[in-house]
Structure formats: C-alpha cells, structure tokens
Amino acid sequence: MKKFLIIANWKLNGSYNFIDKNLNIIKKINNSLNYCQLSISPPYVYLNYINNLIKNTSISLTAQNVDIHLKGSFTGEISVNMLKDIGVKYVIIGHSERRIYHNEDIDLISKKFVLVKKYGLIPILCIGETAEQKKNKLTEKICINQINSILKISNIKIFNNTIIAYEPIWAIGSGKIADINEVKKIILFIKKYIFSLNKEIIKNIYFQYGGSVNFFNINHFFTKKYINGFLIGKVSLTIKDFVLLIEKIEKSLYLLNRS
Ligand code: PGA
C-alpha cells in the first residue's frame, strides 16, 4: 500500500527555536500514523539539523530547491549530491513561487527534474495553472507542456518513482482550494497521457495536491483514492493546526480503506 505523503513545505520560514519547539510534537504524531507518512521541507540551512533530530523515525526530509550544476563556480547554489549527503529524500522542483519570483522556466525545471532523478533523489514536480489560464481552459495544456519538456531531454522512464504535485497557482496561499472533480480530471488526464507512453511506470508515480489545504476543506478529497498526498504550506507553520489536519487525514484514510 502506498502511504499518503504529507509534506510540510515551510518555504522561507522557520528557526532553531521553531524546530526545537515543534519537532517533538511532529515526531509524536508520526508514531501514531498507519496511513500517512510525513516529510519536512525546511529552508536549506536547517536540513542537517532536522536530519539529526529525525534519525530513527520514519519522517523524511524534502529540499525546496536544487541547482542544475554538480559543482564549480556557482555562488549561492546547492547541488543534488550535497542534498543527498545530508539525508534528503525528496526535492521540490518547479514550485510556482520559484517560477514566478526566481524566473525559473520550464526548461530549467526539466533539467532539475532529470538531474535529481538521475542522482538518486525523488523529484516532486509541481505543475498547475494560473487563474487566467484556468479561465481560458488551459490547465491540461500547461501541465502536459511541462511533462513534454522533460521528455524532450529524457524519456518517459524518468518519471518512474517520482511525484507529480498538481498545485493550481491560484490556490496556493489564497485560501481557495481546487474542486476534487477538477483535481481528479487533471490527474486522470496526466495519468492517461503517461500510460499512453509507458504502461508500466504509472503505478510508481505518486500524485499529490497542493494549494490551501486545511482542516476544514479536505473532506471531499477522501471520497475516493485519487491522490497520494498533500503539499502543505501555511498550515504546516502552526503546529496545533498541522497536527489536527494530520489526524483528520489519517482518520479519513482509515474510513476510506474500510469502505
Ligand atoms: P499553501 O501552500 O498550503 O500555503 O497553499 C502550498 C504549497 O505552496 O505547496
């Protein structure tokens, strides 16, 4: 059974104080989980510290970014091998905040995805449309374009054992969550597309949703098994709310698996 992957994306937030105050609480809830697995994605500088604190637990580490170079004169960058060295498992690639505020384009994101996979970490490819693109019914096109851009420099097998996170840009941090029917539609569309290119790997791809996930709006995600995880930003920064959310997801999955 694939466990439901909950990633706490702290973005540009956190401190030693925040970690010391909250990590034991996350570790405690993690011990009670059967259906979910937790991963923490802090800013780079805290990865190593957290890695030491989560040793001997099933909590994993996710990096928020990576460079396309392996070494050399690239001031300010971090390589995939460095992430591997300090125990990172997943790397978020192409988050819309990197596309928008750091001008990361579709080609650069494709290179990062391929590199991360080739060097043995698991890339999480974030794809999704803006409100304008949604209005113009371009969601499928936008998502498939990103996948095709990766296929231009690699082949479909690169997606084996990776994660695709559907994160509508208009939903991130906005308080507006996407309708499950729309999420279902786009995930099925992507799955069908990948299946048409390779029938084997689809079962090894995780599909996550991200964008304003909170305690009050997730019920409709658990009417059927369409997604394998959430990327959670804002709520993961308030530990009380994060714990309530994890408990609710765990309970929903328990009920779903019984039905
Ligand atoms: P949010 O962020 O939960 O604050 O909308 C999600 C994300 O950016 O991955």
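Structural data are supplied above this passage.
Procedures and definitions
- Residues numbered from 1 in each chain as written.
- Predicted model: local features only at pLDDT ≥ 70, side-chain atom pairs only at ≥ 80, totals over all residues.
- Heavy atoms only, no water.
- Helix = DSSP H or I, 4+ residues; strand = E, 2+ residues; numbered from the N terminus.
- Rg over C-alpha atoms; globule rule 2.2 N^0.38 Å.
- Buried < 20%, exposed > 50% of the residue type's maximum accessible area, 1.4 Å probe, protein only.
- Areas by Shrake-Rupley, 256 points an atom, 1.4 Å probe, with all protein chains shown as cover.
- Pairing = 2+ DSSP bridges.
- Right-handed = clockwise from strand over helix to strand, strands pointing away.
- Salt bridge = Lys/Arg side-chain N within 4 Å of Asp/Glu carboxyl O.
- Phe/Tyr/Trp six-rings, centres within 6.5 Å; stacked < 30°, edge-to-face > 60°.
- Lys NZ or Arg CZ within 6 Å of the ring centre and 35° of its normal.

S.K.: How should I be thinking about the overall build of the protein in this particular structure?
M.R.: The helix and strand inventory of the protein stands at nine helices and eight strands. Here the protein has a C-alpha radius of gyration of 17 Å; the compact-globule value for 259 residues is 18 Å, and the two agree. Overall, the protein is about 50 × 45 × 35 Å in size when its C-alpha atoms are taken along their principal axes. With 259 residues in all, the protein has 49% of them scored as buried. Summed over its atoms, the accessible surface of the protein is roughly 12800 Å², and 53% of this surface lies on carbon and sulfur atoms.

S.K.: Explanation requested: the pairing of strand β6 (residues 162–166) in the structure shown.
M.R.: Where a strand is regular, its side chains alternate between the two sheet faces. When you tally the buried positions in β6, you get five out of five residues, the bulk of the element. Residue alternation in β6 divides its side chains into two sets, Thr-162, Ile-164 and Tyr-166 and Ile-163 and Ala-165, and both sets are buried. Looking at chain direction, strand β5 (residues 122–127) and β6 are connected through four bridges and run parallel. Across the sheet, the residue bridging to Ile-124 is Ile-163, located in β6. Handedness of the crossover is the feature at issue here: the chain leaves β6, passes through helix α8 (residues 180–197), returns alongside strand β7 (residues 205–210), and the resulting connection is right-handed.

S.K.: Just to check I follow, could you spell out the pattern of salt bridges for this structure?
M.R.: Once their charged atoms are close, side chains differing in charge can pair, the charge on each being opposite to the other. Per the stated rule, a full pass over the model turns up six salt bridges. A salt bridge links Glu-182 to Lys-134, with the nearest nitrogen and oxygen atoms 2.5 Å apart. Of the two residues, Glu-182 is situated in helix α8 and Lys-134 in helix α6 (residues 131–135); the sequence distance between them amounts to 48 residues. Across the pair Lys-240 and Asp-241 runs a salt bridge, and its minimum N-O distance is 3.9 Å.

S.K.: Can you walk me through the packing of aromatic side chains in this structure?
M.R.: By convention here, two paired aromatic rings are described through the distance between centres and the angle between planes. According to the stated counting rule, one finds twelve aromatic pairs in the structure shown. Where Phe-215 meets Phe-216, the ring centres are 5.2 Å apart and the plane angle is 80°; that geometry is what we call edge-to-face. Through pairs of rings, three or more aromatic residues link up here, namely Phe-4, Tyr-166, Tyr-209, Phe-221, Phe-222 and Phe-230. Looking at Lys-199, its charged tip hangs above the ring of Phe-195, at a distance of 5.0 Å from the centre. Over the ring of Phe-215 we find Lys-248; its NZ or CZ atom is 4.3 Å from the centre of that ring.

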